[in-house]
Amino acid sequence: MTEETPSAVNEPAFWQGLYDRREDGWELGEPAPPLADHLARNPPPQGKVAVLGCGRGHDCRLLAKAGYQVWGFDFARQAIHVARALAQVEKLDIAFEQRDIFDLLPEYRGFFDGVWEYTCFCAIDPRRRGEYVGLVSEILKPEGWFLACFYPLRDGTDGPPFPTSEAEIRRLFAPHFTFLEASVPQASVDRRKGLECMVLAQPLPPVRGR
């Protein structure tokens, strides 16, 4: 993927252009192996799950097959079109919406039991990461769960994918979440090994009396 200024990724046309030019280097053509591995070993509680930046919906279909009610959101028209078609082929009932994830409120406030994150956090403008964390905490139910595979953990500022670090992740999420697990996924694809961090977190209870 070509290097772009962070602001460029705020527009749907940027992502649609990457799909049109087949510059979708994040595409694995299958569900994320770290997610598949986690579901096989320690699946989170069933319920309604949001997949932010769902792309062609590979992770959505895996979650639906595992029994979750799934909503997939993505900026790009083509991605959602393909995601719907692939789900239809497998006769899976998944709600796909083409929209900006930052516009999910107030419609989806407190709606989801879980959120799965993979390659959305690294795709948004890094200046909006705090806003992303707030969004996730708002769309989750108080007893919900946040499962994420953060990528890429490396130095630099170029992107997308824009790099991050475990220290930044903890700093941003600490005001809203408690971390239950944090580990290096064993099932990363070869080109991402050593660049990913798997996290399971839970929203903190709201502060009373303010």
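Criteria and cut-off values
Residues numbered from 1 in each chain as written. Predicted model: local features only at pLDDT ≥ 70, side-chain atom pairs only at ≥ 80, totals over all residues. Heavy atoms only, no water. Helix = DSSP H or I, 4+ residues; strand = E, 2+ residues; numbered from the N terminus. Buried < 20%, exposed > 50% of the residue type's maximum accessible area, 1.4 Å probe, protein only. Contact = heavy atoms within 4.5 Å. Areas by Shrake-Rupley, 256 points an atom, 1.4 Å probe, with all protein chains shown as cover. Salt bridge = Lys/Arg side-chain N within 4 Å of Asp/Glu carboxyl O. Pairing = 2+ DSSP bridges. Axes fitted to C-alpha atoms, helices over the stretch in contact; angles between N-to-C directions. Polar contact = N/O pair within 3.5 Å; in protein donor to acceptor, adjacent residues only side chain to side chain.

J.: Would you take a moment to explain the overall build of the protein for this structure?
T.: The secondary structure content of the protein amounts to six helices and seven strands. Starting at the N terminus and ending at the C terminus, the protein contains elements arranged as α-α-β-α-β-α-β-β-α-β-α-β-β. For the protein, buried positions account for 50% of its 210 residues. Within the protein, residue pairs in contact and separated by at least 24 positions form 70% of the contacts whose partners lie at least 6 positions apart. With an accessible surface of roughly 10,200 Å², the protein has 50% of that area assigned to carbon and sulfur atoms.

J.: Which parts of the structure should I look at to understand the pattern of salt bridges?
T.: The tally for this structure, following the rule as stated, stands at 12 salt bridges. Of the charged contacts in the structure, one is a salt bridge between D113 and K141, with a shortest N-O distance of 3.1 Å. Separated by 28 residues along the polypeptide, D113 in strand 4 (residues 112-118) and K141 in strand 5 (residues 140-150) bring together distant segments of the chain. Several salt bridges share partner residues, and in doing so they unite R61, K65 and E90 into one network.

J.: Honestly, the sheet that holds strand 3 (residues 95-98) in this entry has me stumped. Any pointers?
T.: Strand pairing within a sheet occurs via backbone hydrogen bonds; the two strands may be parallel or antiparallel. One open sheet accounts for seven strands, arranged 3-2-1-4-5-7-6; its pairing is mixed. Among the strands making up the open sheet, the edge pair consists of strand 3 and strand 6 (177-183). Pairs of neighbouring strands in the sheet enclose a mean axial angle of 20 degrees, with direction left out of account. Note: strand 1 (residues 48-52) against strand 4, three bridges, orientation parallel. Of the residues in strand 4, the one forming a bridge with V49 is G114.

J.: Got a minute to help me understand helix 5 (residues 129-139) in this structure?
T.: Note: α-helices contain 3.6 residues per turn, so residues at a spacing of three or four share the same orientation. Buried residues dominate helix 5, accounting for eight of its 11 residues. All buried positions along helix 5 are accounted for by R129, Y132, V133, G134, L135, V136, S137 and I139. Of the surrounding elements, those touching the buried residues of helix 5 are strand 1, strand 4, strand 5, helix 6 (166-173) and strand 6.

J.: What's the story with the pairing of strand 1 in this structure? I'm lost.
T.: Side-chain direction in a regular strand flips from residue to residue, so the side chains alternate between the two faces of the sheet. Of all the five residues making up strand 1, four are buried; the element is thus mostly covered by neighbouring parts of the structure. By the bridge criterion, five bridges tie strand 1 to strand 2 (residues 69-74) in an arrangement that is parallel. When the bridges of strand 2 are listed, K48 appears paired with Q69.

J.: Can you walk me through the environment of I139 in this structure?
T.: Positionally, I139 belongs in helix 5. Judged by relative accessible area, which is 0%, I139 ranks as buried. Along the sequence, I139 and L105 sit 34 residues apart, while their C-alpha atoms lie 7.4 Å from each other. Contacts of I139, omitting those with residues within four sequence positions, involve A50, L52, L105, Y108, R109, G110, F111, F112 and V115.

J.: Whenever I open this one, the side chain of S137 confuses me. Can you help?
T.: Residue placement: S137 occurs in helix 5. At 2.8 Å, the side chain of S137 forms a polar contact with the backbone oxygen of G134. Filtering out sequence-adjacent residues up to four positions away, S137 remains in contact with H176 and F177.

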